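# Structural features, examined
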Amino acid sequence: MFILNMKGQGTGFSSMVLFIAAALTAAIAAFVIIGATTSAQGHAAASAQQTVQTSGTTVEIVRVEGINVNTTTQTVQEFLVYTRLAPGSQPILLNQTSLILYTPAGREVFFYGGVVANSSLVTSYTGYYYIDEHDSVDNSGLLYNGVLGPNDLAALLVYANVTLGTSQTWEISIIPPNGQPYDLSGVTPAAMIYPTVVLYG
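First, a word on scope: everything that follows refers to the structure included in this document.

Cut-offs used in this document
- Each residue is numbered by its place in its chain's sequence as written, counting from 1.
- Residues qualify for local features only when their pLDDT is at least 70, as the model is predicted, and side-chain atom pairs are given and counted only at 80 or more; totals for whole chains, interfaces and linings, by contrast, use all residues.
- Hydrogen atoms and water are omitted, and side-chain values are computed over all heavy atoms in the structure.
- Numbering of helices and strands starts at the N terminus; helices are DSSP runs of H or I of at least 4 residues and strands are runs of E of at least 2.
- Exposed residues in this analysis have more than 50% of their type's maximum accessible area, buried residues have under 20%, and partly exposed residues fall in between, with area computed by a 1.4 Å probe over protein chains only.
- A pair is scored as a salt bridge if a Lys or Arg side-chain nitrogen falls within 4 Å of a carboxyl oxygen belonging to Asp or Glu.
- Any two strands between which DSSP finds at least two bridges are classified as paired.
- Counted charges follow a simple rule, with Lys and Arg positive, Asp and Glu negative, and His plus the chain ends left uncounted.
- Any two residues whose heavy atoms approach within 4.5 Å at even a single point are treated as in contact.
- Nonpolar side chains (Val, Leu, Ile, Met, Phe, Trp, Tyr) are joined into patches within 5 Å and like charges within 9 Å, using only residues with over 30% relative accessible area and no salt bridge.
- Exposure was quantified through the Shrake-Rupley algorithm and a 1.4 Å probe, taking into account, for residues, occlusion by the shown protein chains and nothing else.
- Every axis corresponds to a line fitted to the C-alpha atoms, with the helix fit spanning only the stretch in contact, and the corresponding angles, defined between N-to-C directions, vary from 0 to 180 degrees.

A positive phi angle, close to 50°, is found at N68, a residue other than glycine. Along the chain, N68 turns up in the loop between β1 (59-67) and β2 (76-85). One non-glycine residue, Q74, lies in the positive phi region at around 55°. A relative accessible area of 24% places Q74 in the partly exposed class.

Take the pattern of salt bridges next. Evaluated as defined, the whole model comprises two salt bridges. A salt bridge links R84 to E60; the shortest N-O distance between them is 3.0 Å. Placement of R84 in strand β2 and of E60 in strand β1 is noted, with a sequence separation of 24 residues between them. A residue is classified by how much of its surface remains accessible, and R84, at 40% relative accessible area, is partly exposed. Measuring nitrogen to oxygen at the nearest pair gives 2.8 Å for the salt bridge that ties R63 to E65. The exposure class assigned to R63 is partly exposed, which follows from its relative accessible area of 29%.

What follows covers the pairing of strand β9 (residues 169-175). Two strands pair when backbone bridges link them, and strand β4 (residues 98-103) and β9 are joined in this way by five bridges, in the antiparallel orientation. Paired with L99 across the strands is I174, a residue of β9. Sheet topology note: the β9/strand β10 (residues 182-187) ladder contains six bridges and is antiparallel. Across the sheet, E171 pairs through a bridge with S185, a residue of β10. Between β9 and the antiparallel strand that follows it, β10, lie six residues; G179 among them carries a positive phi value of about 100°.

Turning our eyes to something else, we now look at the side chain of E78. Inspection of the secondary structure puts E78 in strand β2. No salt bridge is formed by the buried E78, whose closest oppositely charged neighbour, R63, lies at an N-O distance of 15 Å.

The next point concerns the environment of M192. Mapping M192 onto the fold places it in the loop between β10 and β11 (197-200). Note on M192: relative accessible area 1%, which makes it buried. Sequence-distant contacts of M192, that is, excluding residues within four places in its chain, are made with V69, T71, Q74, T75, V76, L164, G165, T166 and V197.

Before going further, it helps to spend a moment on a nonpolar patch on the surface. Judged by side-chain polarity, F19, I20, L24 and I28 come together as a nonpolar surface patch covering roughly 440 Å² of accessible area. Mapped onto the secondary structure, I28 falls in helix α1 (residues 9-55).

This brings us to the side chain of S98. With respect to the secondary-structure elements, S98 resides in strand β4. Residues in contact with S98, not counting those within four places in the same chain, are V109, F110, F111, Y129, S173, I174 and I175.

Let us look at the sheet that holds β2. Here nine strands make up an open sheet; going across it, the order is β10-β9-β4-β5-β6-β8-β2-β1-β11 and the pairing mixed. The open sheet is flanked by β10 and β11, the only strands paired with a single partner. Averaged over all adjacent pairs, the angle separating strand axes in this sheet is 30°, with direction ignored.

Regular strands show a simple pattern: their side chains alternate between the two faces of the sheet. Bridge analysis of β1 against β2 gives eight bridges, and the strand direction is antiparallel. Its bridge partner being in β2, V64 is matched across the sheet by V81. For β1 and β11, the ladder comprises three bridges, and the chain directions are antiparallel. What sits directly across from G66, in β11, is V197.

Dropping the structure here:
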């Protein structure tokens, strides 16, 4: 005689239901925790971005040119550093802003020296950088008074105390009175055969 033993099957089914319920509960809890973590990270990122906007006043270097290149020795000693305000930044007083040039020969610090009509008026190292009026754009009406304002493009003229040759590294840092410094580095071309050479931009 054949007898079907049903004992224990109900327990297995109940265990399976409990296991599925536990798995669903764990999945929902994980989803809630991940959502809360993502939300917290989003709030932290928003706070950081807000901090950058309020205290991150800085400039951007958009182009660097070596000018009056000595094409015989293929060296350059004069530079135009085209600079503008970074988005969201407040106007910057240039007389409180320094520019540092790093070359293989060392570091040179330059301070604001005023406005010149064009680059031909600076013929030697002075320790200052100048606004080259010929190559700058003053949209704010403040630039030639020594203030880098919104939508201005300042061509900062730098006459270094050392020369850069071909395939040499360089770095320029602009340090405003408040906010963040801006650093840009590069390498001079393998050949400099024209009076002006684009180093960046």
